[in-house]
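Observations on the three-dimensional arrangement
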Amino acid sequence: MGRVRCLQLLVGFYYPQQGYVKLNCDGASNNLGMAGIRGIIRGDQVEFYACYAKHVFKNDNNVAEVWVIRNGILLAKDMGFKKIEVESDSTYAIQLCKKEVQVPWNLHSLIEDIDALKKNFDAIGFHKGIERPTMWLIF
């Protein structure tokens, strides 16, 4: 019988402000350029509202990180939420959404979509996620 190995991953959740929902999201790509996105929307008492995942074809990591934010905000809008905190592990994607850096041509349409979607919310905030140890994988 083989040995069981455990790997601790660093993930975490900080509660959103009262009356807000939180979108935790992540996008990634591999060295072949295949990309995917995933996100979850939870309430201020950690109640589950929705999750999503999608293969986003051949794209780089930055495209995936911005795409996941756009899709999550769209889902929150469609569900009727008015106050949202968006949390991503990508500093660059957060900076783009907050207009802190210049938008490159390949992200322009996604950022335009995000800007248009922001108008549907009474309050929206963008935050860099902080990783904490809370999950174990056994393989």
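1. A few points about the pattern of salt bridges
Tallying each qualifying case throughout the model produces 7 salt bridges. The salt bridge partner of E87 is K22, with a shortest N-O separation of 3.1 Å. Taken together, the residues E87 in strand 5 (residues 83-88) and K22 in strand 2 (residues 21-29) connect sequence positions 65 residues apart. Using a relative accessible area of 10% as the deciding quantity, one classes E87 as buried. Since its relative accessible area comes to 2%, K22 is described here as buried. Residue D26 is joined to R38 by a salt bridge in which the shortest nitrogen-to-oxygen separation is 3.9 Å. Of this pair, D26 sits in strand 2 while R38 sits in strand 3 (residues 34-42), and the two are 12 residues apart along the sequence. Here D26 falls in the partly exposed class, since its relative accessible area comes to 21%. Looking at R38, the relative accessible area reads 54%, which means it is exposed. Put simply, K99, D115 and K118 are held in one network by salt bridges that share partners.

2. Focus: helix 1 (residues 61-78)
Over its 18 residues, helix 1 extends 26 Å from the first C-alpha to the last, a length consistent with the 26 Å expected when each residue adds 1.5 Å. For helix 1, the set of buried residues is V63, A64, E65, V66, W67, V68, I69, R70, N71, G72, I73 and A76. N-cap assignment for helix 1: the residue whose side-chain oxygen lies 3.0 Å from the backbone N of N62 is D60. Trailing helix 1 by a residue or two, G80 shows a phi angle of about 90°, which is positive.

3. Regarding unusual backbone geometry
Look at V46: it is not a glycine, yet its phi comes out positive at around 65°. If you trace the backbone, V46 turns up in the loop between strand 3 and strand 4 (48-58).

4. What about the environment of G129?
Following the sequence through the fold, G129 ends up in the loop between strand 6 (123-128) and strand 7 (133-138). Given a relative accessible area of 14%, G129 falls into the buried group. Between the C-alpha atom of G129 and that of S90, which follows or precedes it by 39 residues, the distance is 8.0 Å. The residues touching G129, leaving out its near neighbours within four places in the chain, are E87, S88 and D89.

Rules used in this analysis
- Residues numbered from 1 in each chain as written.
- Predicted model: local features only at pLDDT ≥ 70, side-chain atom pairs only at ≥ 80, totals over all residues.
- Heavy atoms only, no water.
- Salt bridge = Lys/Arg side-chain N within 4 Å of Asp/Glu carboxyl O.
- Helix = DSSP H or I, 4+ residues; strand = E, 2+ residues; numbered from the N terminus.
- Buried < 20%, exposed > 50% of the residue type's maximum accessible area, 1.4 Å probe, protein only.
- Expected span 1.5 Å × (residues − 1).
- Polar contact = N/O pair within 3.5 Å; in protein donor to acceptor, adjacent residues only side chain to side chain.
- Contact = heavy atoms within 4.5 Å.

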